Amino acid sequence: MMESRSENESESESEMGIPYLFRCPISLDLLTDPVTLCTGQTYDRSSIEKWLSAGNQTCPVTMQKLHDPSMVPNHTLRHLIHQWLLRSDSDSNYYHPLIASDSDQYPFISSLKHILQSHDSTLEDKLQTLETIQILSPSCHARLIELGFFQLVLQLVFGAQQNLKLVEQALVCALKLLPHCSLRPLKDMFKEESVELDNFVAVFNQGTITIKKSLCEIVEAISSSLETKELCAMLGNNQRLLQGMVLLLYHQDDSGASESGIKAMSAFCSLETNRGNLVREGVVDGLITYLLWSGHERQNRNLAMAMLEVLLGLESAKQAVIDHPSGVNVLVKMVFRVSDDHHQGSESAVNSLMMLCCDSVQAREASICAGVLTQLLLLLQSQCDGTAKTKARMLLKLLRSTHHV
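What counts and what doesn't
- Residues numbered from 1 in each chain as written.
- Predicted model: local features only at pLDDT ≥ 70, side-chain atom pairs only at ≥ 80, totals over all residues.
- Heavy atoms only, no water.
- Helix = DSSP H or I, 4+ residues; strand = E, 2+ residues; numbered from the N terminus.
- Buried < 20%, exposed > 50% of the residue type's maximum accessible area, 1.4 Å probe, protein only.
- Contact = heavy atoms within 4.5 Å.
- Areas by Shrake-Rupley, 256 points an atom, 1.4 Å probe, with all protein chains shown as cover.
- Axes fitted to C-alpha atoms, helices over the stretch in contact; angles between N-to-C directions.
- Parallel < 35°, antiparallel > 145°, perpendicular 65-115°, else oblique.
- Left-handed = near helix turned anticlockwise from the far one by under 90°.
- Nonpolar A, V, L, I, M, F, W, Y, C, P; charged D, E, K, R; others polar.
- Salt bridge = Lys/Arg side-chain N within 4 Å of Asp/Glu carboxyl O.
- Pairing = 2+ DSSP bridges.
- 1 Å grid on protein atoms, 1.4 Å probe; cavity = no way out; pocket = protein on both sides within 12 Å on 5 of 7 lines; lining within 4 Å.
- Points joined across faces, edges and corners; volume = space filled by probe spheres on them.
- pLDDT = per-residue confidence, 0-100.

A. Region of interest: the overall build of the chain. Within the chain one finds 23 helices and three strands. A buried classification covers 47% of the 405 residues belonging to the chain. Within the chain, contacts between residues at least 6 apart in sequence are counted, and of these 66% link residues at least 24 apart. Carbon and sulfur atoms make up 50% of the accessible area of the chain, which totals about 20,400 Å².

Here it is, written out as structure tokens:
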């Protein structure tokens, strides 16, 4: 009886010692033949085959519909599990690098670097290695940066031979490391008329929505750092890149592409020269179109409105709003929105109308025709902050005095 209990306890402890990343999400047992689906999730072959043969057409973890039911053997994970089993047999205190302490990380991470650098590694090997890097413990990030992984994944993204699937996974890794490292590698990589700069633009314009969003995050980081101010100006002078970013504003879906574009271009606007370049590439029309579509979340509408306010410091942007058939109307609409309890976008809208109306009779007349007087009165009766109300009164006074209302 005692012997049986001891065996059960030993078996339980053994199961508890399996890193969760080595367990099949279906059976919860150690993966023996790991295969990866098109959703990026890995299962034991026998378990996922049973799931699919039962008539299921979704990924068990994500519940996404499987547009491609094929399974790709995950050789990298199989190799890691094999290493873990060998070490576990010889060392009961061994922990896998995915959950390991700093002293255990170096050999494992070095082997990952070798796979990414080797010309003998297949595309599949590199993809699986990048997926492994993405699930490493945060305690490994310092070691990854120390061994030059940030530069390495950037080279995979912007190198001469590009595979969009590889680029997508490499960008995920780069963004995981980005908050913890210097942007100097980016500054050193991109020079005027360099191959890497051309590749950046090509990858952005030809890449998937996921790639575009990831590159927008990198642009945002570049534009927000003094370390890469010159690079920000260089990218802001690239007509093809700006055109590609402006086009993101027309994505009226739930992909988040428009929002990523707005964040990146807002950061770009830290340099005045970039503002003028964006206006020339049609960003004002893009922002107006974005604001006209009511499906966006309040926070994102407010961000677009704030960006438009910044751009209206330029005469070319003012003229673009006045010339757009819905330009003034959309600003008036943003002055007061019943659905916006905090009216965070109201102040930007009022400021924008003030900039337009101070110099343009046409803008004043268009604003009044669009119902701005009613909007301002509603805003004054709302719970918005004192600054917004003060500016609303100023605009109201300007419009009333002009037209003797």
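B. Here's a closer look at helix α19 (residues 327-335). Of all nine residues in α19, seven are buried, a share of seventy percent or more. Among the residues making up α19, those that are buried are Gly327, Val328, Val330, Leu331, Val332, Met334 and Val335. Those residues of α19 that are buried are in contact with α16 (283-292), α17 (298-311), α18 (315-323), α20 (346-359), α21 (361-369) and α22 (372-380).

C. How the structure looks around the packing of helix α10 (residues 195-206) against helix α11 (residues 209-223). The contact between α10 and α11 brings their axes to 8 Å, and the two run at 135 degrees. With respect to α11, the axis of α10 lies oblique. Both α10 and α11 take part in a crossing whose hand is left-handed. Facing Phe200, Val203, Phe204, Asn205 and Gln206 of α10, the residues of α11 in contact are Ile211, Lys212, Leu215, Cys216 and Val219. Looking at the contact of α10 with α11 residue by residue, the classes come out as seven nonpolar, two polar and one charged.

D. Quick look at the pattern of salt bridges. For the coordinates displayed, the defined rule picks out seven salt bridges. Lys318 serves as the salt-bridge partner of Glu315, at 3.2 Å between the closest nitrogen and oxygen. Within this pair, Glu315 and its partner Lys318 are both found in helix α18, separated by three residues, close to a single helical turn. Its relative accessible area of 12% is what places Lys318 among the buried residues.

E. Highlighting the sheet that holds strand β1 (residues 34-36). Judged by pairing direction, the sheet is antiparallel, and its three strands sit side by side in the order β2-β1-β3 without closing on themselves. Unpaired on one side and paired on the other, β2 (42-44) and β3 (72-73) mark the two borders of the sheet. Bridge analysis of β1 against β3 gives two bridges, and the strand direction is antiparallel. Bridging across to β3, Val35 finds its partner in Pro73. Across the sheet, helix α2 (residues 45-53) touches β1, β2 and β3, and the angle it forms with β2 is around 95 degrees.

F. Focus on unusual backbone geometry. Positive phi, normally seen in glycine, also occurs at Leu28, with a value near 65 degrees. Phi is positive for Met63, which is not a glycine, with a value near 65 degrees. By secondary structure assignment, the location of Met63 is in the loop between α2 and β3.

G. View of the side chain of Thr76. Here Thr76 shows up in helix α3 (residues 75-90). A relative accessible area of 8% means that Thr76 is categorised as buried. With residues near it in sequence (within four places) discarded, Thr76 still touches Asp125, Gln128, Thr129 and Thr132.

H. Representation of empty space enclosed by the protein in the model. Enumeration over the complete set of coordinates arrives at one cavity of 30 Å³ or more. Size it by volume and the largest cavity reaches roughly 30 Å³. Considering the residues around the largest cavity, the lining is formed by Ile133, Gln134, His141, Leu144, Cys173, Lys176 and Leu177. Counting only elements with at least two residues in the lining of the largest cavity, the list comes to α5 (123-134), α6 (141-146) and α8 (164-177). Per element, the largest residue contribution to the lining of the largest cavity is three residues, and it comes from α8. Residues belonging to the lining of the largest cavity are distributed by class as follows: four nonpolar, two polar and one charged.

I. Layout of the packing of α11 against helix α14 (residues 257-268). At a minimum axis distance of 8 Å, the contact between α11 and α14 shows a crossing angle of 20 degrees. Accordingly, the angle class assigned to the pair α11 and α14 is roughly parallel. Crossing of α11 against α14: the hand is left-handed. Contact residues: Ile209, Lys213, Cys216, Val219, Glu220 and Ser223 in α11; Ala257, Ser260, Gly261, Lys263, Ala264, Ala267 and Phe268 in α14. Each residue belonging to the contact of α11 with α14 can be placed in one class, and the counts come to seven nonpolar, three polar and three charged.

J. Geometry of the confidence of the model for the chain. Across the chain, the average pLDDT comes to 85, with 86% of residues at 70 or higher. A low-confidence stretch, residues 1-16 stays under pLDDT 50, and its non-local contacts, those more than four residues away or across chains, total two contacts. Every residue in residues 92-104 is under pLDDT 50, and counting partners more than four places away or in other chains gives 24 contacts.

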